[in-house]
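Chain residues, written in single-letter form:
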Amino acid sequence: MSKEGLISSVKSAIKSFGLPRIIIGLFLLLLFILAPFVGVKISTSLSDTLNRFGMNAVMVLAMVPMIHSGCGLNFGLPLGIIAGLLGATISMQLGFTGSASFAMAILLATPFAIILGGAYGKLLNRVKGGEMMIATYVGFSSVAFMCIMWLLLPYSNPTMVWGYSGTGLRTTISTEGYYLHVLNDFLSVKVNQHLSIPTGMLLFFAILAFMMWAFLHTKTGTSMTAVGSNPVFARASGINVDKVRSLSVIMSTWLGAIGILVYQQSFGFIQLYMGPFYMALPAVSAILIGGASVNKASITNVIVGTFLFQGILTMTPSVMNSMIHTDMSEVIRIVVSNGMILYALTRKTEATR
């Protein structure tokens with residue numbers, strides 16, 4: 001191959017993958033290289049990165065259906081998270097434990113996700129063109145409303161309610177004794193004392209990602225992509241645009257519900273009240289960093305974006321703390337996470353082709 005041909009191939013590869021993703025990837029690689037020199041164990045950092053990837057990947061995957069249907073980025077993800085929280089708390093209230101508790105949480109969250117997603121979809125169909133702005137306020141207002149409901153709903157499980165009153169759910173509820181690490185520990189591979197691969201959680205995401213990929217290649221999935229690409233052409237082709245858009249919103253809401261359950265079983269706690277308030281922003285940022293746009297997204301965008309976002313978020317505080325010998329992990333994490341969110345949102349019109 002000639003020198004000109006090689007340069008052309010390199011430029012083509014950079015353009016196809018995206019220069020921003022290459023820069024972020026190189027920065028993450030640099031952090032891994034620096035880690036041993038400042039006393040940070042690479043095995044521990046890699047284990048944390050894989051865990052955070054598995055915890056958050058399903059919520060990032062929840063962005064894909066709405067992007068494909070032209071509804072934009074799902075800033076209303078807290079609505080799906082609330083459905084998941086209802087499924088989790090009801091499962092615990094009914095006394096299910098272990099894998100059965102996790103399975104029941106998914107089962108119980110599903111009708112809530114369908115009902116909330118259906119209503120959410122009808123609302124977005126009435127505000128075409130302003131979906132992302134409306135979705136943001138839907139997410140915020142639903143979280144605020146549930147702050148009241150968590151106090152009023154008739155839960156009585158002593159591990160969940162406030163001890164001094166016997167009513168109202170606690171701010172955080174431990175999943176220990178219920179479905180703590182049911183996915184993390186399934187087929188888990190312990191490489192050494194510090195590195196453990198959460199095989200079950202990664203497989204669970206892989207199954208959902210494959211199902212999403214397969215769905216997008218069905219007749220309904222193709223119709224969804226057509227609606228997002230050109231709604232006028234789709235309507236002329238006999239596709240019920242509003243119905244397809246509503247389906248995408250329901251799917252996204254359901255995946256958000258499943259995503260928070262995966263997050264909880266790994267994290268170890270259910271976070272209620274204002275916990276879900278800002279959870280849409282990291283998911284939106286991750287898929288944009290992965291190369292998606294407001295009207296085009298793929299499974300690859302989900303995987304790349306989640307790994308880069310969570311990798312930077314995991315590595316930067318630990319490496320920086322070790323370099324400056326001061327515990328500023330939370331401050332650095334806030335600066336880095338919000339910086340990446342801001343960066344991603346300013347690039348929302350770009351997409352990896």
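Conventions used here
Residues numbered from 1 in each chain as written. Predicted model: local features only at pLDDT ≥ 70, side-chain atom pairs only at ≥ 80, totals over all residues. Heavy atoms only, no water. Helix = DSSP H or I, 4+ residues; strand = E, 2+ residues; numbered from the N terminus. Contact = heavy atoms within 4.5 Å. Axes fitted to C-alpha atoms, helices over the stretch in contact; angles between N-to-C directions. Left-handed = near helix turned anticlockwise from the far one by under 90°. Nonpolar A, V, L, I, M, F, W, Y, C, P; charged D, E, K, R; others polar. Parallel < 35°, antiparallel > 145°, perpendicular 65-115°, else oblique. Patch = residues over 30% accessible without salt bridge, like charges linked within 9 Å, V, L, I, M, F, W, Y side chains within 5 Å. Areas by Shrake-Rupley, 256 points an atom, 1.4 Å probe, with all protein chains shown as cover. Salt bridge = Lys/Arg side-chain N within 4 Å of Asp/Glu carboxyl O. Buried < 20%, exposed > 50% of the residue type's maximum accessible area, 1.4 Å probe, protein only. pLDDT = per-residue confidence, 0-100.

## Describing the environment of Ala 226
Item 1. Note on placement: Ala 226 falls in helix H9 (residues 219–229).
Item 2. Note: C-alpha distance between Ala 226 and Ser 69 (157 residues apart in sequence) is 7.5 Å.
Item 3. Once you skip the residues sitting within four places of it in the chain, Ala 226 turns out to touch Pro 231, Ala 234 and Ile 239.

## Some points on the packing of helix H5 (residues 77–93) against helix H6 (residues 98–126)
Item 1. Contact geometry of H5 with H6 gives a least axis separation of 7 Å together with a crossing angle of 145°. Handedness of the crossing formed by H5 with H6: right-handed. Across the interface between the two elements, Leu 79, Ala 83, Gly 84, Leu 86, Gly 87, Ala 88, Ile 90 and Ser 91 of H5 pack against Ser 101, Met 104, Ala 105, Leu 108, Ala 109, Phe 112, Ala 113, Leu 116 and Tyr 120 of H6.
Item 2. Split into classes, the residues belonging to the contact of H5 with H6 amount to 13 nonpolar, 4 polar and no charged.

## Focus on the packing of helix H8 (residues 199–216) against helix H13 (residues 299–324)
Between two packed helices, the angle of one axis relative to the other and the distance separating the axes together describe the packing.
Item 1. Taken N-terminus to C-terminus, the directions of H8 and H13 make an angle of 150°; their axes are 10 Å apart at the nearest point. Viewed along their axes, H8 and H13 adopt a mutual orientation that is roughly antiparallel. On H13, the residues touching Phe 205, Ala 209, Met 212 and Trp 213 of H8 are Ile 299, Val 302 and Ile 303.
Item 2. In the contact of H8 with H13, the residues fall into 7 nonpolar, no polar and no charged.

## Overview of a nonpolar patch on the surface
Item 1. A surface patch of nonpolar side chains, amounting to about 460 Å² of accessible area, comprises Leu 26, Leu 29, Ile 33 and Phe 37.
Item 2. Position of Leu 29 among the secondary structure elements: in helix H2 (residues 19–34).
Item 3. Its relative accessible area of 48% is what places Leu 29 among the partly exposed residues.

## Things to note about the confidence of the model for the protein chain
Item 1. For the protein chain, mean pLDDT is 85; residues scoring 70 or higher make up 90% of the total.
Item 2. Here residues 349–353 scores under 50 on pLDDT; set against residues more than four positions off or in separate chains, the count is 17 contacts.

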